[in-house]
Amino acid sequence: MSDAVQEHCGIFGIFNHPEAARHTYYGLHALQHRGQEAAGIVTSTYDEQQEQPTMPAYKDFGLVLDVFDDPALFNKQLLGDVSIGHNRYSTSGASSNRDNIQPLVVHHRKGNLALSHNGNLSNAKELRDSFREQGTLFQTTSDSELILHLTAQSRRQNHIDQIIDALMQIEGAYSLLLMTDEHMIAVRDPNGFRPLALGRLETPERHEGPAYCVASETCAFDMIDAEYVRDIEPGEILVIDREGCVNDGDFESHEIPTKYGVSQCVFEYVYFSRPDSQIFGEMVDKVRRQLGIQLAQEAPIPEEAEDDEKTPIVVPVPDSANTSTLGFAEECQDMGRRCRFDLGLIRNHYVGRTFIAPGQDRREMKVRCKFNTVQGLLEDRTVVVLDDSIVRGTTARYLVKMLRDSGAKSVHFRVSSPPVISPCFYGMDFPDADELLANKFDSIEEMRDYLGVDSLAYLSVGGLMKAVKRANHSGLSYCNACFTGDYPVPVDEDMSKEEFDWQAPAPRTQ
């Protein structure tokens, strides 16, 4: 039972580069924070012996560096100048089912087709029930497979038209990369829930035209020295082909009609994306600093700390809260509140997703293995600890206890987002609503007492939206359903993450 909102998935693809698979490997490594359960890469090439196009694939459970640890994969198997990849955190379909690892690859009457998907389809149950009535056989328990079936059963004659026909029938949150034998297709749902960006990379002189790449976040472009071109627009279907590469990115583009307007996921700015990424048209670092500034204006360092002998310190819960904490501390100083930013909590980055600890205190032990305090810094000092969000509250509670045990004079908790009150159905893995801290108590005061802090304050919903729009002037709207319960696209709130699972096979042992 994790005490954090879990990452969804990361996707990366590149078209028209002789080292396509290697560049996808680097891109996925940069996007590792978006999913750590499994990774996969598929390439498109022509098999001279079989005299037909083929899509070799390799995928497995684990981190990118562990899955692709054999250099021979890139020299002998993952050949071709087109490639798409996927980092998985399961938001739909069991994580232990090997068949759910993406990219998914199929062969049908129009050739090969591969798919990488970030997000959740809100009409997945309706579509799956319809296919089941028709006798369709499913190979996975993931909602992503539905897109492949819709494509294969389309009555359109052209492959691209079949894919467009399929995309017109799905709803919810999806950033997609599809790969045919001749194209790479980037798609973003009409609401624009999940980010997706287009990049450009020069190729060796012997290769005709530059390469174009697509990624969930622009930090993947930095890894391969690619240039950010623009975002894939909400509702856009961008068809990347060789002719367009030669003609300076003049690609065919189609539009998916919108029913509900644009609602980009604001939690991408709060927590998910790396601060060095540009998403939704703006740098994450810039937005998070504004979140900290707004929080300081709403709930600054307590006035009573002014009389402390030692300067009060503002401490982030590393790493995702680092940038917003800088903004908070600087704004408090500008407001005349005596304080300084400092690193009172140190994170151990080598703790895996699972940890074996015997006895009743295994959760507390896991927190202690992930974080440690700088005791000499904290002793006899007012400490304001800042985190990007509180989900269940168990980790925050243990952290507060560690700070007090290290001699802090008082501990005040600030959160650079509003209370999380609702689960997400658009590609984030939240706990059930009744497990969320904000739903267990009737007031901030009760939550304060549970956490064991001297004061507790969240950023308001209005303040969150004000800060985001102050940093990003694009004018597009955002989804904040996890903070408000207002879902911009209709969802089946009774559908679980593993709605379609049968008894999944256990992970393969090495």
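Residues numbered from 1 in each chain as written. Predicted model: local features only at pLDDT ≥ 70, side-chain atom pairs only at ≥ 80, totals over all residues. Heavy atoms only, no water.

1. So, the environment of S263
Step number 1: Relative to the helices and strands, S263 resides in the loop between strand 14 (252-255) and strand 15 (264-265).
Step number 2: The contact partners of S263, leaving out residues within four places of it in the chain, are N191, G192, F193, S477, Y478, C479 and P488. (Helix = DSSP H or I, 4+ residues; strand = E, 2+ residues; numbered from the N terminus. Contact = heavy atoms within 4.5 Å.)

2. A short note on the sheet that holds strand 8 (residues 172-179)
Step number 1: Sheet architecture is open: six strands sit in the order 6-7-8-9-13-14, paired in antiparallel fashion. At either margin of the open sheet sits one strand with a lone partner, and together these are strand 6 (104-108) and strand 14. Taking the axes of each pair of neighbouring strands and ignoring which way they run, one obtains an average angle of 20° across the sheet. (Pairing = 2+ DSSP bridges. Axes fitted to C-alpha atoms, helices over the stretch in contact; angles between N-to-C directions.)

3. Describing the UniProt feature "binding site: Mg(2+)" (unreviewed entry) in the chain
Step number 1: In the numbering used here, UniProt assigns the "binding site: Mg(2+)" (unreviewed entry) feature to S320, D387 and D388. Spanning 69 residues, the named residues form one tight spatial group whose C-alpha atoms are at most 7.8 Å apart.
Step number 2: Residue position: S320 is located in the loop between strand 18 (313-316) and helix 11 (322-334).
Step number 3: Ignoring sequence-local partners within four residues, the contact set of S320 consists of Y271, R288 and D388.
Step number 4: There is a polar contact of 2.3 Å between the side chain of S320 and the side chain of D388.
Step number 5: Looking at where D388 falls in the secondary structure, it is placed in the loop between strand 22 (382-387) and helix 14 (394-405). (UniProt positions renumbered as here; feature names shortened; annotations may be inferred. Polar contact = N/O pair within 3.5 Å; in protein donor to acceptor, adjacent residues only side chain to side chain.)

4. Observations regarding the packing of aromatic side chains
Step number 1: Here the structure, examined in full by the defined rule, presents 18 aromatic pairs.
Step number 2: Ring centres 6.3 Å apart and planes at 80° place the aromatic pair Y25 and F68 in the edge-to-face group. Taken as a pair, Y25 in helix 1 (residues 20-30) and F68 in the loop between helix 2 (64-67) and helix 3 (72-77) lie far apart in primary sequence, 43 residues in all.
Step number 3: According to the relative accessible area criterion, F68 is buried, its value standing at 3%.
Step number 4: Ring centres of F131 and F138 lie 6.3 Å apart, and the angle between their planes is 75°; on these two criteria the pair is classed as edge-to-face.
Step number 5: Overall, F131 belongs to the buried group, its relative accessible area being 5%.
Step number 6: An aromatic cluster is defined as three or more aromatic residues linked by ring pairs; in this entry it consists of Y25, Y26, Y58, F68 and F74.
Step number 7: Sitting over the face of the ring of F138, R128 holds its NZ or CZ atom 3.9 Å from the ring centroid. (Phe/Tyr/Trp six-rings, centres within 6.5 Å; stacked < 30°, edge-to-face > 60°. Buried < 20%, exposed > 50% of the residue type's maximum accessible area, 1.4 Å probe, protein only. Lys NZ or Arg CZ within 6 Å of the ring centre and 35° of its normal.)

5. Digging into the layout of surface pockets
Step number 1: Within this model, the second largest pocket holds a volume of roughly 290 Å³.
Step number 2: What lines the second largest pocket is a set of 14 residues, and nearest its centre among them are V105, V106, Q139, T140 and E145.
Step number 3: Elements with a contribution of two residues or more to the lining of the second largest pocket: strand 6 and helix 5 (145-152).
Step number 4: Counting residues per element, the lining of the second largest pocket draws most heavily on strand 6, at five residues.
Step number 5: Here the lining of the second largest pocket is built from residues that sort into five nonpolar, five polar and four charged. (1 Å grid on protein atoms, 1.4 Å probe; cavity = no way out; pocket = protein on both sides within 12 Å on 5 of 7 lines; lining within 4 Å. Points joined across faces, edges and corners; volume = space filled by probe spheres on them. Nonpolar A, V, L, I, M, F, W, Y, C, P; charged D, E, K, R; others polar.)

6. Quick word on the nonpolar core
Step number 1: Counting 47 residues, the largest nonpolar core has F267, F328 and L464 as the members making the most contacts within it.
Step number 2: Those elements giving two or more residues to this core turn out to be helix 9 (267-272), helix 10 (284-298), helix 11, strand 22, helix 17 (461-471), strand 25 (478-479) and helix 18 (481-484).
Step number 3: Apart from residues no more than four positions distant in its own chain, L464 is found in contact with V266, V270, L291, P418, L459 and F483.
Step number 4: Ranked by size, the runner-up nonpolar core spans 27 residues in total, among them V415, M447, V453 and Y458. (Core = buried A, V, L, I, M, F, W, Y, C linked by side-chain atoms within 4.5 Å.)

7. Comments concerning empty space enclosed by the protein
Step number 1: Summed over all chains, the structure comprises two cavities of 30 Å³ or more.
Step number 2: Reported here for the second largest cavity is a volume of approximately 60 Å³.
Step number 3: Here the lining of the second largest cavity is composed, by residue class, of eleven nonpolar, one polar and no charged.

8. Some thoughts on the packing of helix 4 (residues 124-133) against helix 5
Step number 1: Two elements in contact, helix 4 and helix 5, have axes separated by 11 Å at closest approach and are oriented at 50°. One finds that helix 4 runs oblique with respect to helix 5. Considering the relative orientation of helix 4 and helix 5, their crossing is left-handed. Residues A124, L127, R128 and F131 of helix 4 form the contact with helix 5, whose participating residues are L146, H149 and L150. (Parallel < 35°, antiparallel > 145°, perpendicular 65-115°, else oblique. Left-handed = near helix turned anticlockwise from the far one by under 90°.)

9. Considerations on the pairing of strand 10 (residues 197-201)
Step number 1: Taking burial as the measure, the five residues of strand 10 include four buried ones, the bulk of the element.
Step number 2: Two strands pair when backbone bridges link them, and strand 10 and strand 11 (residues 211-215) are joined in this way by five bridges, in the antiparallel orientation. Residue A197 lies in a different strand from strand 11, and its bridge partner there is A215.
Step number 3: Looking at chain direction, strand 10 and strand 12 (residues 227-231) are connected through four bridges and run antiparallel. The residue bridging R200 from the neighbouring strand is E227, located in strand 12.

10. What to know about the sheet that holds strand 18
By way of backbone hydrogen bonds, the strands of a sheet pair with one another, either parallel or antiparallel.
Step number 1: Within the open sheet, the five strands sit side by side as 19-18-22-23-24. Their pairing is parallel. On the outer flanks of this sheet lie strand 19 (340-341) and strand 24 (455-458), each paired with one strand and no other.
Step number 2: In this sheet, strand 23 (residues 410-415) lies alongside strand 22 in parallel orientation, the contact comprising six bridges. What sits directly across from V383, in strand 23, is V411.
Step number 3: Sitting on the sheet, helix 14 is in contact with strand 22 and strand 23, with an inclination near 150° to strand 23.

11. A few points about the pattern of salt bridges
Step number 1: Under the defined criterion, the tally for this structure stands at 24 salt bridges.
Step number 2: For the salt bridge of E282 with K286, the shortest nitrogen-to-oxygen distance reads 3.5 Å.
Step number 3: Look at E282 and you get buried, because its relative accessible area is 15%.
Step number 4: Taking the shortest distance from any N to any O, the salt bridge between R337 and E303 comes out at 3.7 Å. With R337 in the loop between helix 11 and strand 19 and E303 in the loop between helix 10 and strand 18, the pair connects residues that are 34 residues apart, well separated along the chain. (Salt bridge = Lys/Arg side-chain N within 4 Å of Asp/Glu carboxyl O.)

12. Details of the confidence of the model for the chain
Step number 1: In the predicted model, the chain carries a mean pLDDT of 90, and the fraction of residues at 70 or more is 91%.
Step number 2: Taken as a whole, residues 502-510 scores under 50 in pLDDT and shows 18 contacts with residues more than four places along the chain or in a different chain. (pLDDT = per-residue confidence, 0-100.)

13. Notes on helix 4
Step number 1: Taken residue by residue, helix 4 has A124, L127, R128 and F131 as its buried positions. In a view along the axis of helix 4, the buried residues occupy a sector of 95°, so they form one face of it. The outward face of helix 4, more than 90 degrees from its buried face, is lined by the exposed residues E126 and E133.
Step number 2: Buried residues along helix 4 sit in contact with strand 7 (111-121) and helix 5.
Step number 3: The positive-phi residue at the C-terminal boundary of helix 4 is G135, with phi of around 85°. (Arc of directions from axis to C-beta.)

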